[in-house]
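# Commentary on secondary and tertiary structure
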Amino acid sequence: MKVNLLDLDAIPRQGGAVIYRVVEDTAILLNLDNDYYYSLDPLGSEIWSMCNGTRTLGSMLDRVCAEYDVTRERARGDLLELFDDLRREGLVTFAGVAA
């Protein structure tokens, strides 16, 4: 299931079967359910650290736009694409998403 592209109220949380470590600004994730490793670049690592079940996608988008030279439209598209990938790989779950 894709994240609803209009639902910036969705609240991501790191998956329970995921362990991770940050090495030189790169997050290395291991999904214990499938034994696959994933890596996130420095911005992805920063976003990953915000996946604590308290921040909405909208608040993450606001932070990215405030800290980086990017249009809101571009940041929104990239953020939602990242979260679609993370969800598909079982790395995050969401609260506040309409079924």
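Above this note sits the structure.
Owing to the predicted nature of the structure, the values given are computational and were not obtained by experimental measurement.

### Some points on the sheet that holds strand β2 (residues 18–23)
- Spatial strand order, β2-β3-β4: three strands in an open sheet with antiparallel pairing. Two strands in the sheet have a free side with no partner beyond their single neighbour: β2 and β4 (36–40). Here the average twist between neighbouring strands, direction ignored, is 20°.
- Strand direction decides the pairing type here: strand β3 (residues 26–31) and β4, joined by five bridges, are antiparallel. Its bridge partner lying in β4, Ala27 is registered against Leu40.
- Strands in contact with helix α1 (residues 42–49) are β2, β3 and β4; relative to β4, the strand with the most contacts, it is inclined by about 105°.

### Quick word on the pattern of salt bridges
- In this structure the tally under the stated criterion is five salt bridges.
- Ionic pairing is found between Arg63 and Glu67, a salt bridge with its closest N-O pair at 3.1 Å. Linking Arg63 with Glu67, this pair stays in helix α2 (residues 57–67), spanning four residues, or about one helical turn.
- The class for Arg63 is partly exposed, based on a relative accessible area of 30%.
- Salt bridges sharing common partners tie together Glu46, Arg63 and Glu67.

Reading the values: rules and limits
- Residues numbered from 1 in each chain as written.
- Predicted model: local features only at pLDDT ≥ 70, side-chain atom pairs only at ≥ 80, totals over all residues.
- Heavy atoms only, no water.
- Pairing = 2+ DSSP bridges.
- Helix = DSSP H or I, 4+ residues; strand = E, 2+ residues; numbered from the N terminus.
- Axes fitted to C-alpha atoms, helices over the stretch in contact; angles between N-to-C directions.
- Contact = heavy atoms within 4.5 Å.
- Salt bridge = Lys/Arg side-chain N within 4 Å of Asp/Glu carboxyl O.
- Buried < 20%, exposed > 50% of the residue type's maximum accessible area, 1.4 Å probe, protein only.

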